[in-house]
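Structural features, examined
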Amino acid sequence: MKLIDELYELYRDKLTGDEEDIDMLAFAFLEEMNREDLLGIIHDLDNQELNNLMGIYLIESLKGKFASEDYGQKRVLPVHQRNIH
């Protein structure tokens, strides 16, 4: 994605590349963009980039949804079947 390459080139010598820096860069970028800017970027994506974007969005959103509902705590453990002779 051209945008990622451009951001990387601009900040690769200024940031450490750890998760905190990347989060800060992403949120700062998004603060500067409006809806039309973002839709323009999305419009310019090829099919694979659009699929990747939607995949990441779906994965992260579902992780957050399951985590917020303590899904793991509500899961019923499977009953082990026995062979009774």
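Preceding this paragraph is the structure being described.
This section reports on the structure supplied with the text. (Residues numbered from 1 in each chain as written. Predicted model: local features only at pLDDT ≥ 70, side-chain atom pairs only at ≥ 80, totals over all residues. Heavy atoms only, no water.)

1. With respect to the side chain of Asp 21
We count it as follows: In this description a helix means any DSSP run of H or I spanning at least four residues, a strand means any run of E spanning at least two, and both kinds are numbered starting from the N terminus. Each residue is assigned to one of three classes by its accessible area relative to the maximum for its type, calculated with a 1.4 Å probe on protein chains only: buried under 20%, partly exposed between the two thresholds, exposed over 50%. When charges are tallied, Lys and Arg are placed among the positive residues and Asp and Glu among the negative ones, while His and the ends of the chain are skipped. Each reported salt bridge corresponds to a side-chain nitrogen of Lys or Arg within 4 Å of a carboxyl oxygen of Asp or Glu. We call two residues in contact when some of their heavy atoms are within 4.5 Å.
Its location among the elements puts Asp 21 in helix α2 (residues 19-32). Lys 14 provides the closest opposite charge to the buried, salt-bridge-free Asp 21, at an N-O distance of 12 Å. Non-local contacts of Asp 21, meaning those with residues more than four positions away in its chain, are made with Leu 15 and Thr 16.

2. Examining a nonpolar patch on the surface
In plain terms, the rule: Patches here: salt-bridge-free residues with over 30% relative accessible area, like charges joined within 9 Å, nonpolar side chains (Val, Leu, Ile, Met, Phe, Trp, Tyr) joined within 5 Å. Reported accessibility uses the Shrake-Rupley method at a 1.4 Å probe radius. Residues are deemed covered only where the shown protein chains occlude them.
On the surface, Leu 39, Ile 42, Leu 50, Leu 53, Met 54, Tyr 57, Leu 58, Leu 62 and Phe 66 cluster together into a nonpolar patch covering about 800 Å² of accessible area. Broken down by secondary-structure element, the contributors of at least two residues to the nonpolar patch are α3 (35-43) and α4 (47-68). A total of seven residues in the nonpolar patch trace back to one element, the largest contributor, which is α4. Along the polypeptide, Leu 53 turns up in helix α4.

3. A look at a negative patch on the surface
For clarity, the cut-off: Here the site of a charge means atom NZ of a Lys, CZ of an Arg, CG of an Asp or CD of a Glu.
Judged by side-chain charge, Asp 18, Glu 19, Glu 20 and Asp 23 come together as a negatively charged surface patch. Considering the arrangement of structural elements, one finds Asp 23 in helix α2.

4. Regarding the pattern of salt bridges
Where charged atoms of side chains with opposite charge meet at close range, the side chains can pair. The tally for this structure, following the rule as stated, stands at four salt bridges. Across the pair Lys 63 and Glu 60 runs a salt bridge whose closest N-O atoms are separated by 3.5 Å. Note that Lys 63 and Glu 60 are positioned in helix α4 at a spacing of three residues, about one turn of the helix.

5. Remarks on the environment of Lys 14
Let me state the cut-off plainly: We define a polar contact as two N or O atoms separated by no more than 3.5 Å, with the added condition that, inside protein, one atom must be a possible hydrogen donor and the other a possible acceptor, whereas residues neighbouring each other in sequence contribute only through side-chain atom pairs.
By the element assignment, Lys 14 lies in the loop between α1 (2-11) and α2. For Lys 14, a relative accessible area of 63% translates into the label exposed. A distance of 3.0 Å separates a polar side-chain atom of Lys 14 from the backbone oxygen of Leu 10.

6. Remarks on α4
Here is the rule: The span one expects for a helix is its residue count, reduced by one, times 1.5 Å.
The end-to-end C-alpha distance of α4, which contains 22 residues, comes to 31 Å, matching closely the 32 Å that a straight helix rising 1.5 Å per residue would cover. Of the residues that open α4, the one with a side-chain oxygen 3.1 Å from the backbone nitrogen of Gln 48 is Asp 46. Phi turns positive one or two residues past the end of α4, at Asp 70, with a value near 50 degrees.

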